[in-house]
Amino acid sequence: DFCLNMQLSGDEWFAPDGQLVLCIYQKQQSGYVILNKVAIDGIAGPEHEDLLDFHFTNASKSQYSALRMLWCLYCTMPDGILRDFFYRILSDRTFIAQFFPARASHRHHHSHSGGLLEHSLEVARTAMALAKQYNMDPDTCHVAMLGGLLHDAGKIYQYYNQPTGRGICEQHEALTFMCLQPQLEFLRQNAPHEFEALCGCLTLHDKQAAPYIPETLVRISDQLSADMAQRKQAFANLPDHFWFSKRENDQQVYKRLQR
């Protein structure tokens, strides 16, 4: 049983006869009840099993839930260039090995080990949810998701994610294009409009209106993820009746509504 070999909890993954299956289940008092099972096309055999094993081997146990979500995002995408692009990202073992343990910042938000993956997934899921809420077409939804997932990828080269003396302190947007160059070139050659929209999500934002809506969705989702993390940190050690707090590192005041 591949699920047991991976030491995963829950019933998300099954591999009868080598076929990966996405399960939708509901937790009840008697246990888990499977509502639907969908065979995932193209994810079978030792090559894919080895890749999944690599992912979970390079992740901490606390990241297993995030990794299952990461693969759910991939598995629920329809066949096409964007799905192929996503798989090329997941298959880049050099990138993945640095991405999973990285921090999203030095002392700002999601500054713990693994914080970059956590933040990136939050932005990806929120951006896609917003696109669906406004009835955007599937390509727009998936570009927004990919833009959210990869918008901070270049931070793996920042000084706080590299051994002493090897990291740099620079705008991470240019570094993102550098570390994803082969995958982005594949997308440019095969889907130029999707490439253009994704590049908008990965570049330094200004105050002008974005030509493609995924850039706006990623920008909003990025700010929301950072703000929620900061608020959580500000109230982390305070009783529930405290309705305001001031963060020590930046003296920013945060307030919350109470009953």
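None of these values were measured; they are calculated from a predicted model.

**Overview of helix H7 (residues 138-150)**
Point 1. With 13 residues, H7 ought to run about 18 Å at 1.5 Å a step, and its terminal C-alpha atoms sit 18 Å apart, in line with that.
Point 2. Among the 13 residues in H7, 11 count as buried, and that is most of the element.
Point 3. All buried positions along H7 are accounted for by Thr140, Cys141, His142, Val143, Ala144, Met145, Leu146, Gly147, Gly148, Leu149 and Leu150.
Point 4. Measuring from the side-chain oxygen of the N-cap residue of H7 to the backbone nitrogen of aspartate 139 gives 3.2 Å; that N-cap residue is aspartate 137.

**Topic: the pattern of salt bridges**
Where side chains of opposite charge bring their charged atoms close, a pairing between them can arise.
Point 1. For the coordinates displayed, the defined rule picks out 6 salt bridges.
Point 2. For aspartate 50, the salt bridge goes to arginine 93, with nearest N and O atoms at 2.7 Å. Of this pair, aspartate 50 sits in helix H2 (residues 46-57) while arginine 93 is found in helix H5 (residues 93-99), placing the two residues 43 residues apart along the sequence.
Point 3. Assessed through its relative accessible area of 33%, arginine 93 is described here as partly exposed.
Point 4. Ionic pairing is found between aspartate 227 and arginine 231, a salt bridge with its closest N-O pair at 3.1 Å. Of this pair, aspartate 227 and arginine 231 both sit in helix H11 (residues 213-234), 4 residues apart, roughly one helical turn.

**A word on the packing of helix H4 (residues 81-91) against helix H9 (residues 181-190)**
Point 1. Interaxial distance between H4 and H9 falls to 9 Å at its minimum, and their mutual angle equals 170°. One way to sum up the angle between H4 and H9 is to call them roughly antiparallel. Counting all contacts with H4, which are made through Ile81, Leu82, Asp84, Phe85, Arg88 and Ile89, the residues of H9 involved are Gln183, Leu184, Phe186, Leu187 and Asn190.
Point 2. Split into classes, the residues belonging to the contact of H4 with H9 amount to 7 nonpolar, 2 polar and 2 charged.

**Here's the deal with the packing of aromatic side chains**
Point 1. Tallied over the full model, the rule gives 7 aromatic pairs.
Point 2. Pairing phenylalanine 56 with tyrosine 64 gives two aromatic rings, centres 5.1 Å apart and planes at 70°, and the pair type is edge-to-face. The same class applies to phenylalanine 56 as to tyrosine 64, namely buried.
Point 3. Here the aromatic rings of tyrosine 159 and tyrosine 160 are separated by 5.2 Å at their centres, their planes lie at 80°, and the arrangement is edge-to-face.
Point 4. In this structure tyrosine 159 comes out as partly exposed when scored by relative accessible area, which is 36%.
Point 5. The exposure class of tyrosine 160 is buried, given its relative accessible area of 14%.
Point 6. Through a chain of ring-to-ring contacts, the aromatic side chains of Trp71, Tyr74, Phe86 and Tyr87 assemble into a single cluster.
Point 7. For the cation-ring pair, arginine 88 lies above phenylalanine 186, with the distance from its terminal atom to the ring centre recorded as 3.7 Å.
Point 8. Over the ring of phenylalanine 54 we find arginine 93; its NZ or CZ atom is 4.8 Å from the centre of that ring.

**Quick look at unusual backbone geometry**
Point 1. Unlike most non-glycine residues, histidine 110 shows phi in positive territory, near 50°.
Point 2. Tracing the chain through its elements places histidine 110 in the loop between H5 and helix H6 (115-133).
Point 3. Backbone geometry places asparagine 135, a non-glycine residue, at a positive phi of 55°.
Point 4. If you trace the backbone, asparagine 135 turns up in the loop between H6 and H7.
Point 5. Residue classification places asparagine 135 among the exposed positions, given a relative accessible area of 69%.

**Overview of the confidence of the model for the protein**
Point 1. Per-residue pLDDT for the protein has a mean of 84; in total, 84% of the residues score no lower than 70.
Point 2. Within the protein, H9 carries the highest mean pLDDT (98), whereas helix H1 (residues 2-6) carries the lowest (29).
Point 3. The low-confidence segment residues 1-16, where pLDDT is below 50, has 38 contacts with residues more than four positions distant or belonging to other chains.

**Overview of the nonpolar core**
Generally speaking, soluble globular proteins have nonpolar side chains that are buried together.
Point 1. Core analysis: the biggest nonpolar cluster contains 57 residues, and Phe85, Phe86 and Phe95 have the highest contact counts within it.
Point 2. With residues up to four places along the chain from it excluded, the contact list for phenylalanine 85 reads Leu146, Leu150, Gln183, Leu184, Phe186, Leu187 and Leu198.

**Overview of the packing of helix H8 (residues 172-179) against H9**
To characterise two packed helices, one gives the angle between the axes of the helices and the distance between these axes.
Point 1. Where H8 meets H9, the closest approach of the two axes is 5 Å, and the angle between their N-to-C directions is 75°. When the interaxial angle is binned, H8 and H9 end up roughly perpendicular. Along the contact surface, H8 presents Phe177, Met178 and Cys179, while H9 presents Gln181, Gln183 and Leu184.
Point 2. Residue composition of the contact of H8 with H9, grouped by class: 4 nonpolar, 2 polar and no charged.

The rules behind these values
- Residues numbered from 1 in each chain as written.
- Predicted model: local features only at pLDDT ≥ 70, side-chain atom pairs only at ≥ 80, totals over all residues.
- Heavy atoms only, no water.
- Helix = DSSP H or I, 4+ residues; strand = E, 2+ residues; numbered from the N terminus.
- Expected span 1.5 Å × (residues − 1).
- Buried < 20%, exposed > 50% of the residue type's maximum accessible area, 1.4 Å probe, protein only.
- Polar contact = N/O pair within 3.5 Å; in protein donor to acceptor, adjacent residues only side chain to side chain.
- Salt bridge = Lys/Arg side-chain N within 4 Å of Asp/Glu carboxyl O.
- Axes fitted to C-alpha atoms, helices over the stretch in contact; angles between N-to-C directions.
- Parallel < 35°, antiparallel > 145°, perpendicular 65-115°, else oblique.
- Contact = heavy atoms within 4.5 Å.
- Nonpolar A, V, L, I, M, F, W, Y, C, P; charged D, E, K, R; others polar.
- Phe/Tyr/Trp six-rings, centres within 6.5 Å; stacked < 30°, edge-to-face > 60°.
- Lys NZ or Arg CZ within 6 Å of the ring centre and 35° of its normal.
- pLDDT = per-residue confidence, 0-100.
- Core = buried A, V, L, I, M, F, W, Y, C linked by side-chain atoms within 4.5 Å.

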